[in-house]
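Fold and contact review
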Amino acid sequence: MNFDRMIAVRNNKTVYRDGERCLKVFSEDYSKADVLNEALNQARIEETGLNIPKILEVTMIEGKWTIVSEYIKGKTLSQLMQEDPDKKEEYLNMFVDLQLNMHGKTCPMLNKLKDKMNRKISQTDLSATVRYDLHTRLEAMPKHNKVCHGDFNPSNIIVTDDGTMYIIDWSHATQGNASADAARTYLLFWLNGDIEGAKKYLDIFCKKSDTPKQYVQKWMPIVAASQTVKGNAAEREFLNSWIDVVDYE
């Protein structure tokens, strides 16, 4: 393999460029089922017509599972925001428009968001009482079947030179309620220390989607709890601060 350059290093995976191809190489102990599920998610999302890198193959390189897809040349939306802070609000509007376009798609074969969150809440080390309240709250939320990314943040959007935006990293994709996806994005801004960006994002999302802010906020304890299973100690501490079910109705 002729690796032009390393693009990104994340937990348990490294992304390389190889000419016109992008190689996501997983660590040797990474779950085969999770790799294949991510590839399957991406292949299914391709069929929705959204701008995403197309899967070329799933293979093994030096004993490591690897997803090979098209290389999309451009900068992440996160980079653009850092390079030109004055245009941040404009970029946030583009970001929300892209998310709403995605939420306008359906993909019946994707896993269901509610099923995934129920499973994650069961895996947490929260008390039985809190878990029960969260499961009950989740069950009461409306069931939708919109495409949800699950990790929709500016670093997962690539903008090409002509302004076309591509959404990458479909490992967490599900079908479900768009406001749960928005709650996750809001918390991701917080986790990145961009509290002002989180608030602006939520304002724009709620205005453009005509969604009451309180409705997205109702999802936040549920989404935060489902994310505590993974993540480092600092992230878990932050997410736990959002799991306040005392006011459960």
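Below or above, wherever it landed, is the structure these notes cover. (Residues numbered from 1 in each chain as written. Predicted model: local features only at pLDDT ≥ 70, side-chain atom pairs only at ≥ 80, totals over all residues. Heavy atoms only, no water.)

Brief notes about the nonpolar core
Ranked by size, the top nonpolar core spans 52 residues in total, and within it W170, Y201 and W219 carry the most contacts. Per-element accounting of this core gives the leading share, seven residues, to helix α8 (residues 213-227). Ignoring any residue separated from it by four or fewer positions in sequence, one finds W219 in contact with L113, M117, L138, M141, N177, S179, A180 and A183. Grouped together as the second largest cluster of nonpolar side chains are five residues, F26, Y30, V35 and A39 included. (Core = buried A, V, L, I, M, F, W, Y, C linked by side-chain atoms within 4.5 Å. Buried < 20%, exposed > 50% of the residue type's maximum accessible area, 1.4 Å probe, protein only. Helix = DSSP H or I, 4+ residues; strand = E, 2+ residues; numbered from the N terminus. Contact = heavy atoms within 4.5 Å.)

What to know about the sheet that holds strand β6 (residues 75-76)
Taken together, three strands build an open sheet; the order of strands is β6-β8-β9 and the sheet is antiparallel. Strand pairing shows two members of the sheet lacking a second neighbour, β6 and β9 (165-167), which therefore form its edges. Against the sheet, helix α3 (residues 88-103) contacts β8 (157-159) and β9, and its axis sits at roughly 55° relative to β9. (Pairing = 2+ DSSP bridges. Axes fitted to C-alpha atoms, helices over the stretch in contact; angles between N-to-C directions.)

Points about unusual backbone geometry
Glycine aside, negative phi is the norm for most residues, and most peptide bonds take the trans geometry. Unusually for a residue other than glycine, E62 sits at a positive phi of about 50°. Topologically, E62 is positioned in the loop between β4 (55-61) and β5 (64-70). You will see that D169, though not glycine, has its phi angle at about 65°, which is positive. Assessed through its relative accessible area of 10%, D169 is described here as buried.

Let's talk about the side chain of T14
Tracing the sequence through the fold places T14 in strand β2 (residues 13-18). Classification of T14 by relative accessible area gives buried; the value is 18%. When residues no more than four places from it in sequence are discounted, the contact partners of T14 are M6, A8, V9, L23, K24 and V25.

Focus: the sheet that holds β5
The strand order across the open sheet built from five strands is β1-β2-β3-β5-β4, with neighbouring strands paired in antiparallel fashion. For this open sheet the edge positions go to β1 (5-10) and β4, each flanked by a neighbour on one side alone. Each strand of the sheet is rotated relative to its neighbour by a mean of 20°, with strand direction disregarded. Bridge count for β1 against β2 is five bridges, and the pairing is antiparallel. Note that in β2 the partner of A8 across the bridge is V15.

A few points about α3
The first and last C-alpha atoms of α3 sit 22 Å apart over 16 residues, in line with the 22 Å expected at 1.5 Å per residue. Taken together, the buried positions of α3 are Y91, L92, F95, V96, L98, Q99, M102 and H103. In an axial view of α3, the angular spread of the buried residues amounts to 160°, which keeps them on one side of the axis. In this structure, the buried residues of α3 make contact with α2 (77-83), β7 (146-148), β8, β9, α6 (178-191) and α7 (195-209). (Expected span 1.5 Å × (residues − 1). Arc of directions from axis to C-beta.)

Quick word on the packing of α7 against α8
Where α7 meets α8, the axes come as close as 9 Å, and the angle between the chain directions of the two elements is 125°. Here α8 runs oblique to α7, going by the angle between their axes. Mapping the contact onto sequence places L202, D203, F205 and C206 in α7 and K213, V216 and M220 in α8. Looking at the contact of α7 with α8 residue by residue, the classes come out as five nonpolar, no polar and two charged. (Parallel < 35°, antiparallel > 145°, perpendicular 65-115°, else oblique. Nonpolar A, V, L, I, M, F, W, Y, C, P; charged D, E, K, R; others polar.)

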